[in-house]
Amino acid sequence: MPASADAKRVWGPLTEGLTVPRDLDLGNRPRALKQLRVQPAAHSRMVAMIKEVLPEREAGLLIGSRPWPLLAARMQQLGEHHGTDTVAQHLNRLTTTTSWQEATGPALVGRLSSTPPSPP
């Protein structure tokens, strides 16, 4: 089976170490979250953390973005391997490292989702 356009498009640092299904469809968020094995409770915690750290507009853009399921999977993985405190530390770093604020719209989502995590 050939890889979907989404599976091809997302290959890179964000997906490193994640199992990305060949038929990934980021247009179907519930299915994508399930395919990426993002647990509902973990997803709820991540959404709450994002909303706590980022301004409302930016949080909404990030959570509502097409690549959100991948970012949620990466955050879940980081939390599983290094604890939720590490995820919170990375998110809190966004409030001090504000280079992502220079962008708007889709570019803002790209900057937020590609800001590298702090070393554990």
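The sections below set out a description of the structure shown in this document. (Residues numbered from 1 in each chain as written. Predicted model: local features only at pLDDT ≥ 70, side-chain atom pairs only at ≥ 80, totals over all residues. Heavy atoms only, no water.)

### Digging into the overall build of the protein
When helices and strands are counted, the protein shows seven helices and zero strands. Element order for the protein, N to C, with α for helix and β for strand: α-α-α-α-α-α-α. Each of the 120 residues in the protein was classed as buried or not, and the buried ones make up 44%. When contacts within the protein are restricted to residue pairs at least 6 apart in sequence, long-range pairs at least 24 apart make up 57% of them. For the protein, the exposed area adds up to about 7,000 Å²; of that, 55% sits on carbon and sulfur atoms. (Helix = DSSP H or I, 4+ residues; strand = E, 2+ residues; numbered from the N terminus. Buried < 20%, exposed > 50% of the residue type's maximum accessible area, 1.4 Å probe, protein only. Contact = heavy atoms within 4.5 Å. Areas by Shrake-Rupley, 256 points an atom, 1.4 Å probe, with all protein chains shown as cover.)

### Remarks on the side chain of glutamine 35
By the secondary structure assignment, glutamine 35 is in helix H2 (residues 29-35). For glutamine 35, a relative accessible area of 15% corresponds to the buried category. Those residues in contact with glutamine 35 that sit more than four places away from it in its chain are Pro21, Asp23, Leu24 and Asp25.

### Quick look at helix H3 (residues 40-53)
For H3, spanning 14 residues, the distance from its first C-alpha to its last is 20 Å, which sits close to the expected 20 Å at 1.5 Å a residue. When H3 is considered as a whole, its buried residues turn out to be Ala42, His43, Met46, Val47, Met49, Ile50 and Val53. Down the axis of H3, the buried set is contained in an arc of 160°. They therefore lie on one face. Seen from the open side of H3, the exposed residues pointing more than 90 degrees away from its buried face are Pro40, Lys51 and Glu52. (Expected span 1.5 Å × (residues − 1). Arc of directions from axis to C-beta.)

### Quick notes on the nonpolar core
Counting residues in each nonpolar core, the largest one holds 24 residues, and the members touching the most others are Val38, Met46, Ile50, Trp68 and Met75. Of all the elements in the fold, those that place two or more residues in this core are H2, H3, helix H4 (56-63) and helix H5 (68-82). When sequence neighbours within four positions are dropped, the list of residues in contact with tryptophan 68 reads Arg29, His43, Val47, Ile50, Leu62, Ile63 and Met75. (Core = buried A, V, L, I, M, F, W, Y, C linked by side-chain atoms within 4.5 Å.)

### Structural notes on the packing of H3 against H4
Between H3 and H4, the least distance of the axes is 8 Å, while the angle of their chain directions is 150°. Here H3 is positioned roughly antiparallel relative to H4, judged by the angle of their axes. Here H3 contributes Val47, Ile50 and Lys51 to the contact with H4, which in turn contributes Ala59, Leu62 and Ile63. Here the contact of H3 with H4 is composed, by residue class, of five nonpolar, no polar and one charged. (Axes fitted to C-alpha atoms, helices over the stretch in contact; angles between N-to-C directions. Parallel < 35°, antiparallel > 145°, perpendicular 65-115°, else oblique. Nonpolar A, V, L, I, M, F, W, Y, C, P; charged D, E, K, R; others polar.)

### Regarding the side chain of glutamine 76
Structurally, glutamine 76 can be placed in helix H5. Assessed through its relative accessible area of 11%, glutamine 76 is described here as buried. Polar side-chain contacts of glutamine 76 include one of 2.8 Å to the backbone oxygen of arginine 37. Setting aside residues up to four positions removed in sequence, glutamine 76 forms contacts with Arg37, Val38, Gln39, Ala42 and Met46. (Polar contact = N/O pair within 3.5 Å; in protein donor to acceptor, adjacent residues only side chain to side chain.)

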